[in-house]
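Report on the structure
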Amino acid sequence: MRPICLTALTVLLTAGLSHAASDLVGHWTFEGCDGKGVKDRSALGNDGTLAWGEIRQEKGTQSLELDGLDGHVRVDLKTPPDLRTAITVALWVKASRIRNHTVLFGIPNPRPDWTTPAFGMYLSGNRVVYGQHGDGKTPKVLLESKAELPKDQWTFLAATSDGAALRLYVNGALDAELAKRAVVALNGHPLLIGKGLGDKPSLKGRIGELKIFSRALSGDE
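Summary of the structure given here. (Residues numbered from 1 in each chain as written. Predicted model: local features only at pLDDT ≥ 70, side-chain atom pairs only at ≥ 80, totals over all residues. Heavy atoms only, no water.)

Considering the environment of Gly205
The criterion, for reference: Starting at the N terminus, helices and strands are each numbered in turn, a helix being any DSSP run of H or I of at least four residues and a strand any DSSP run of E of at least two. Note on classification: 1.4 Å probe, protein chains only; a residue is buried when its accessible area is under 20% of the maximum for its type, exposed when over 50%, partly exposed between these limits. The contact criterion used throughout is that any non-hydrogen atoms of two residues lie within 4.5 Å.
Structurally, the position occupied by Gly205 is in strand 16 (residues 204-213). By relative accessible area, Gly205 is classed as buried at 4%. Each C-alpha atom of the pair Gly205 and Lys151 lies 9.0 Å from the other, and the pair is 54 residues apart in sequence. In this structure, Gly205 is in contact with Leu64, Glu65, Leu66, Lys94, Ala95 and Ser96, ignoring residues within four places of it in sequence.

What about the side chain of Arg206?
When you line up the elements, Arg206 lands in strand 16. For Arg206, a relative accessible area of 19% translates into the label buried. Discounting residues that sit within four places of it in the chain, Arg206 has contacts with Arg56, Glu58, Ser63, Leu64, Glu65, Trp92, Val93, Lys94 and Trp154.

Remarks on the nonpolar core
To keep things clear, this is the line we draw: By nonpolar core is meant a set of buried Ala, Val, Leu, Ile, Met, Phe, Trp, Tyr and Cys residues that side-chain atoms within 4.5 Å join together.
Grouped together as the largest cluster of nonpolar side chains are 43 residues, with contacts concentrated most on Phe105, Phe119, Met121 and Ile212. Top element by residues in this core is strand 7 (residues 87-97). It accounts for 5 residues. Sequence-distant contacts of Met121, defined by excluding residues within four places in its chain, comprise Val89, Leu91, Val103, Leu104, Phe105, Val128, Val129, Tyr130, Leu157, Ala158, Ala159 and Leu168. Counting 6 residues, the second largest nonpolar core, distinct from the first, contains Ala90, Trp92, Phe156 and Tyr169.

Some words on the pattern of salt bridges
How we decide: In what follows, salt bridge is the name for a side-chain nitrogen of Lys or Arg lying within 4 Å of a carboxyl oxygen of Asp or Glu.
Counted under the stated rule, the structure contains 10 salt bridges. For Arg167, the salt bridge identified is with Asp162, shortest N-O distance 3.6 Å. Classification of Asp162 by relative accessible area gives partly exposed; the value is 40%. Residues Arg215 and Glu221 are paired through a salt bridge, measuring 3.0 Å at the closest nitrogen-oxygen approach.

Describing the packing of aromatic side chains
Note the following rule: Here a pair means two rings of Phe, Tyr or Trp (six-membered ring of Trp) with centres within 6.5 Å. Their orientation is stacked below 30 degrees between planes, edge-to-face above 60, and tilted elsewhere.
Applying the stated criterion across every chain, the model contains 2 aromatic pairs. Here the aromatic rings of Trp92 and Phe156 are separated by 5.1 Å at their centres, their planes lie at 50 degrees, and the arrangement is tilted. Of this pair, Trp92 sits in strand 7 while Phe156 sits in strand 12 (residues 155-161); the two residues are 64 residues apart in sequence, bridging distant segments of the chain. Of the two residues, Trp92 and Phe156, neither departs from the other in class, the shared state being buried. When the ring of Phe105 is compared with that of Phe119, the centres are 6.0 Å apart and the planes differ by 70 degrees; the resulting orientation is edge-to-face. Of this pair, Phe105 sits in strand 8 (residues 103-107) while Phe119 sits in strand 9 (residues 119-124); the two residues are 14 residues apart in sequence, bridging distant segments of the chain. For the pair formed by Phe105 and Phe119, the shared burial category is buried.

With respect to the sheet that holds strand 3 (residues 48-52)
Selection rule: A pair of strands is considered paired only if DSSP assigns at least 2 bridges between the two.
In spatial order, the strands read 2-3-6-15-8-9-10-11; together these 8 strands make up an open sheet with antiparallel pairing. At either margin of the open sheet sits one strand with a lone partner, and together these are strand 2 (37-38) and strand 11 (141-148). Of the strand pairs in this sheet, strand 2 and strand 3 are connected by 2 bridges, and their pairing is antiparallel. In the sheet register, Val38 faces strand 3, and the bridge partner there is Gly48.

Describing the side chain of His72
To keep it simple, the criterion reads: Polar contact is defined as a pair of N or O atoms within 3.5 Å, subject to the rule that within protein one atom must be able to donate a hydrogen and the other to accept it, and that residues adjacent in sequence are counted only when both atoms are side-chain atoms.
In this structure, His72 sits in strand 6 (residues 72-75). According to the relative accessible area criterion, His72 is buried, its value standing at 13%. Only 2.9 Å separates the side chain of His72 from the backbone oxygen of Asp70, close enough to count as a polar contact. If sequence neighbours within four positions are ignored, His72 has contacts with Thr49, Leu50, Ala51, Trp52, Leu66, Leu192, Ile193, Gly194 and Lys195.

Structure follows, in structure tokens:
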């Protein structure tokens with residue numbers, strides 16, 4: 001979903017991402033969603049299952065509305081992407097309720113009491129945190145936005161990791177960065193969109209789409 005005020009930004013982003021299609025290893029959108037399956041439009045074909053949610057029409061496009069309870073998308077990574085040191089994630093989200101540690105998306109940490117996901121985004125207060133959990137040799141890394149996530153407003157979030165630094169973008173502008181090595185250690189758990197496990201809240205609001213690239217895209221991209 002794209003708010004009208006970001007139309008020009010959307011055109012720029014679309015142009016920048018077009019040549020990165022070969023690095024696209026996950027793309028879940030709700031256009032044409034039948035209310036059950038969520039197609040992965042990347043070449044890996046890791047389709048998701050909609051546990052609960054309402055497909056909403058808004059300005060000619062579709063998004064998924066989640067209830068903050070049981071609604072979420074589960075993606076079993078039958079073909080795991082190569083995300084070890086180079087990664088970009090891009091998410092459109094519209095939160096209607098903001099609670100501490102709300103999960104936007106991610107692969108859960110094997111230890112349910114840990115906040116840091118294997119990789120993903122969650123909220124710390126009103127700010128967005130992008131996190132990656134390493135393989136024991138490389139510690140976890142967290143990068144928190146300076147900007148607060150607005151309520152009831154479509155926001156474009158993107159995070160990149162190139163093995164040497166992490167960067168977090170809000171509506172196309174660089175918001176925070178951290179010079180630190182980070183890796184992703186996939187643990188066999190599914191990717192969950194909008195679902196918090198244990199005492200971590202689930203998202204109440206809407207998801208437009210989620211993209212994952214196996215490369216750290218540049219700021220211009």
